[in-house]
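Here is how the chains run, residue by residue.
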Amino acid sequence: MFVLLNDEFVNRNECLIDIEDRANQFGDGVYEVIRVYDGEFFLLHDHLKRLIYSLEEAKINYDIHHHNLADQLQKLVEMNNFKDGGIYLQISRGASPRSHPFPKHTQPTLIAYPIPVTRPLESQEKGIEAILHEDLRWLRCDIKSLNLLGNVMAKQSALDAGAKEAILYRDYNHVTEGSSTNVFIVKDGVVKTHPANHYILNGITRLYLFYLAELLNIPIVEEVYSIEELKNADEVFISSTTSEVISVIKIDDVQINNGKPGPIAQKFLQAFFKHKNIKHLS
Ligand code: PMP
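Conventions adopted
- Residues numbered from 1 in each chain as written.
- Predicted model: local features only at pLDDT ≥ 70, side-chain atom pairs only at ≥ 80, totals over all residues.
- Near = placed C-beta within 6 Å.
- Helix = DSSP H or I, 4+ residues; strand = E, 2+ residues; numbered from the N terminus.
- Nonpolar A, V, L, I, M, F, W, Y, C, P; charged D, E, K, R; others polar.
- Domains from an automatic or database assignment.
- Contact = placed C-beta atoms within 7 Å.
- Pairing = 2+ DSSP bridges.
- Right-handed = clockwise from strand over helix to strand, strands pointing away.
- Buried ≥ 20, exposed ≤ 12 C-beta atoms within 10 Å, placed from the backbone.
- Arc of directions from axis to C-beta.
- Axes fitted to C-alpha atoms, helices over the stretch in contact; angles between N-to-C directions.

Undergrad: Let's hear about the site of the ligand: which residues, and what values?
TA: Taken together, 14 residues lie near the ligand, and Leu201, Gly203, Ile204, Thr205 and Thr241 sit nearest. Only α6 (204–216) and β13 (235–240) provide two or more residues apiece to the shell around the ligand. Classifying every residue of the shell around the ligand gives three nonpolar, nine polar and two charged.

Undergrad: Mind laying out the domain arrangement of the chain, listing which residues take part and the relevant values?
TA: Here the domain parsing of the chain yields domain 1 (2–115) and domain 2 (121–274). Relative to domain 2, the C-alpha centre of domain 1 lies at a distance of 27 Å. Across the contact, 18 residues belong to domain 1 and ten residues belong to domain 2. Within the residue set of the side of domain 1 that touches domain 2, elements represented by two or more residues are β3 (29–37), α2 (44–58) and β5 (85–92). Top element by residues in the side of domain 1 that touches domain 2 is β3. It accounts for seven residues. Of the residues belonging to the side of domain 1 that touches domain 2, the class tally is seven nonpolar, six polar and five charged.

Undergrad: So, the pairing of strand β7 (residues 128–134): which residues are in play, and what are the values?
TA: The pairing of β7 with strand β14 (residues 244–251) spans three bridges and is classified as parallel. Across the sheet, residue Ala130 finds its bridge partner in β14, namely Ile251. One crossover worth recording links β7 to the parallel strand β8 (residues 165–171) by way of helix α5 (residues 149–160), and it is right-handed.

Undergrad: Give a detailed account of the environment of Ile52, specifying residues and quantitative values.
TA: With respect to the helices and strands, the residue Ile52 is situated in helix α2. C-beta crowding within 10 Å serves as the criterion here: with 16 such atoms nearby, Ile52 is assigned to the partly exposed category. A C-alpha to C-alpha distance of 8.1 Å links Ile52 and Asp63, two positions eleven residues apart in sequence.

Undergrad: Quick one: what's the story with helix α3 (residues 69–79), residue by residue and with numbers?
TA: Among the residues of α3, Leu69, Leu73, Leu76 and Val77 are the ones counted as buried. The buried residues of α3 all sit within an arc of 95 degrees when viewed along its axis, so they share a single face. Among the exposed residues of α3, those pointing more than 90 degrees away from its buried face are Asp71 and Glu78. Buried positions along α3 lie against β1 (2–5), β3, α2, β5 and β6 (109–115).

Undergrad: Any details on unusual backbone geometry? Residues and values, ideally.
TA: Keep in mind that most residues, glycine aside, have a negative phi and that most peptide bonds are trans. Positive phi, normally seen in glycine, also occurs at Asp188, with a value near 50 degrees. Residue Asp188 is classed as exposed on the basis of its C-beta count, with 7 C-beta atoms lying within 10 Å. With a phi angle near 60 degrees, Glu244 is a residue other than glycine that sits in the positive phi range. Structurally, Glu244 is set in strand β14.

Undergrad: Talk me through the sheet that holds β5; I want residue IDs and the actual numbers.
TA: Read across the sheet, six strands follow the order β2-β1-β6-β5-β3-β4 without closing on themselves; strand pairing throughout is antiparallel. Two strands lie at the open edges of the sheet, namely β2 (8–11) and β4 (40–41), each paired on one side alone. Relative to β5, β3 runs antiparallel, the two being bridged by eight bridges. Residue pairing across strands places Gly29 opposite Ser92, the latter belonging to β5. Against the sheet, α2 engages β3, β4 and β5, with an angle of about 175 degrees to β3. Taken strand by strand, α3 contacts β1, β2, β3, β5 and β6, and its axis lies near 165 degrees from that of β1.

Given below as structure tokens:
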């Protein structure tokens, strides 16, 4: 497997990263996961736009245009003869003797490589169960940061409970997002999802669903909603690069839509593939 390490392509076993890379000690970096279908990137430019946002907010000085990142990623896909899956990409603040302040003369470290992703067809067909979990993360969830301990612990709690996703809340009246997904509820035909602010990651799939909603004439609003609204919703579904769209049919002990995937999620899923040749959303 070829890995893009800074500006060079190297074999995986030759990809040397310093033990004092700040990704290791501090999770001091940002990342993206970009889907590849049939050898083609899906919404690459929207992912790169979000990457620029994360880099700027984290004050990591890396110019993706100067490094021709879009072309390099394209080359990475070709060199690996990669057809279906994801490209994982992370940029850390670089390697420097361990100390909290930003190092002065350190170059960021970039790695990018293919990761396996298979379409979650069974989950899409049957729906999944979720648990509710307190959102114990920091308050800059809009930055796609490498610090994922809160997400990882919430996800594992879901799996330990026999479910597949943890839906996070900050207090009873504030459902934020999933441990690795955005969450949508439907009531009386209107779709509602958390506003894109510092409490959630503004998912690229979430943005794609806004685009599809317009095409499909499905009303969609960005509004905070409560646990009660979540549990009383006609439908609940999640979105992400790897999940696409998946219905949630049970949350803790409460069945949603009688334990069946709902019609709006199904509409989005069908439209998802019909329109996926779109080059970029914004
Ligand atoms: N929220 C969180 C916390 C995530 O980790 C992800 C997936 N990376 C998402 C939302 C969905 O984002 P996207 O649609 O860009 O994959």
